[in-house]
Amino acid sequence: MARAPENVHRAYHAHVYFDAATVAQARALCEEAGRLFKVAVGRVHEKNVGPHPRWSCQLAFSASEFDRVVPWLESHRNGLDVLVHGLSGDAVRDHTEFAYWLGNEWPLDLGALG
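The present account deals with the structure reproduced in this document.

Thresholds, definitions, all that
Residues numbered from 1 in each chain as written. Predicted model: local features only at pLDDT ≥ 70, side-chain atom pairs only at ≥ 80, totals over all residues. Heavy atoms only, no water. Helix = DSSP H or I, 4+ residues; strand = E, 2+ residues; numbered from the N terminus. Rg over C-alpha atoms; globule rule 2.2 N^0.38 Å. Buried < 20%, exposed > 50% of the residue type's maximum accessible area, 1.4 Å probe, protein only. Contact = heavy atoms within 4.5 Å. Areas by Shrake-Rupley, 256 points an atom, 1.4 Å probe, with all protein chains shown as cover. Lys, Arg positive; Asp, Glu negative; His and termini not counted. Charge placed at Lys NZ, Arg CZ, Asp CG, Glu CD. Salt bridge = Lys/Arg side-chain N within 4 Å of Asp/Glu carboxyl O. Core = buried A, V, L, I, M, F, W, Y, C linked by side-chain atoms within 4.5 Å. 1 Å grid on protein atoms, 1.4 Å probe; cavity = no way out; pocket = protein on both sides within 12 Å on 5 of 7 lines; lining within 4 Å. Points joined across faces, edges and corners; volume = space filled by probe spheres on them. Nonpolar A, V, L, I, M, F, W, Y, C, P; charged D, E, K, R; others polar.

## Quick look at the overall build of the protein
For step 1, the next point in the chain: Looking only at helices and strands, the protein features three helices and five strands.
For step 2, the next point in the chain: Walking the protein from its N terminus toward its C terminus, one meets helices and strands in the order β-α-β-β-α-β-α-β.
For step 3, the next point in the chain: A compact globule built from 114 residues should have a C-alpha radius of gyration of about 13 Å, and the protein, at 13 Å, falls within 12% of that.
For step 4, the next point in the chain: Seen through its principal axes, the protein has C-alpha atoms that stretch 30 × 30 × 30 Å.
For step 5, the next point in the chain: Put simply, the protein has 114 residues, and 39% of those count as buried.
For step 6, the next point in the chain: Relative to all contacts within the protein whose residues are 6 or more apart in sequence, the contacts with residues 24 or more apart total 64%.
For step 7, the next point in the chain: Only carbon and sulfur atoms are counted for the fraction: they give 51% of the accessible area of the protein, which is about 6,100 Å².
For step 8, the next point in the chain: Within the protein, one finds 11 positive and 14 negative side-chain charges whose respective centroids are separated by 5 Å.

## Brief notes about the pattern of salt bridges
For step 1, the next point in the chain: Applying the stated rule across the entire model yields six salt bridges.
For step 2, the next point in the chain: Two residues, arginine 54 and aspartate 19, come together in a salt bridge whose shortest N-O distance is 3.1 Å. Here arginine 54, found in the loop between strand E2 (40–45) and strand E3 (55–62), pairs with aspartate 19, found in the loop between strand E1 (11–18) and helix H1 (23–36); they are 35 residues apart in sequence, far enough to count as distant.

## Here's the deal with the nonpolar core
For step 1, the next point in the chain: One finds Ala14, Val16, Leu59, Phe61, Leu73, Val82 and Val84 to be the most contacted residues of the largest nonpolar core, which totals 23 residues.
For step 2, the next point in the chain: For this core, the elements supplying multiple residues, two or more each, are E1, H1, E3, helix H2 (63–76) and strand E4 (82–86).
For step 3, the next point in the chain: With residues near it in sequence (within four places) discarded, valine 82 still touches Ala14, His15, Val16, Leu73, Arg77, Tyr100, Trp101 and Leu102.
For step 4, the next point in the chain: In this structure, Tyr17, Leu83, Ala99 and Leu108 belong to the second largest nonpolar core, which totals five residues.

## Describing the layout of surface pockets
For step 1, the next point in the chain: Its volume calculated, the largest pocket comes out at about 200 Å³.
For step 2, the next point in the chain: If you go around the largest pocket, you meet 13 residues; those closest to its centre are His95, Thr96, Ala99, Trp101 and Glu105.
For step 3, the next point in the chain: In terms of residue count, the dominant contributor to the lining of the largest pocket is strand E5 (residues 99–102) (three residues).
For step 4, the next point in the chain: Residue composition of the lining of the largest pocket, grouped by class: eight nonpolar, three polar and two charged.

## Re the environment of glutamate 65
For step 1, the next point in the chain: Within the secondary structure, glutamate 65 sits in helix H2.
For step 2, the next point in the chain: Counting along the chain gives 44 residues from glutamate 65 to aspartate 109, while the straight-line C-alpha distance between them is 28 Å.
For step 3, the next point in the chain: Not counting residues within four places of it along the chain, the set of residues in contact with glutamate 65 comprises Phe37 and Lys38.

Laid out in structure tokens, this is it:
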């Protein structure tokens, strides 16, 4: 059973995962999050970037937005998988110990983190 996301850090990233068949859906989800919340919407990467094993788009937000953004992502992701993690300054712990999954969990390439 997946752990429920907890708001215990000052800032967060949510990485929306997608592929060629769902890129438009992911782009629309990220753009809508940017309109509705105080989130910084990153580029829509149509390639694997960093530790992420799928194409992705990053949403960056503060703890003050967490309780609005994460439930909204859960209810609007429509089958997309989303990695939510805290930002502690330790990239490996952020992507493992401080990571929560909405949808399926994907194995990350932790070697790409340093």
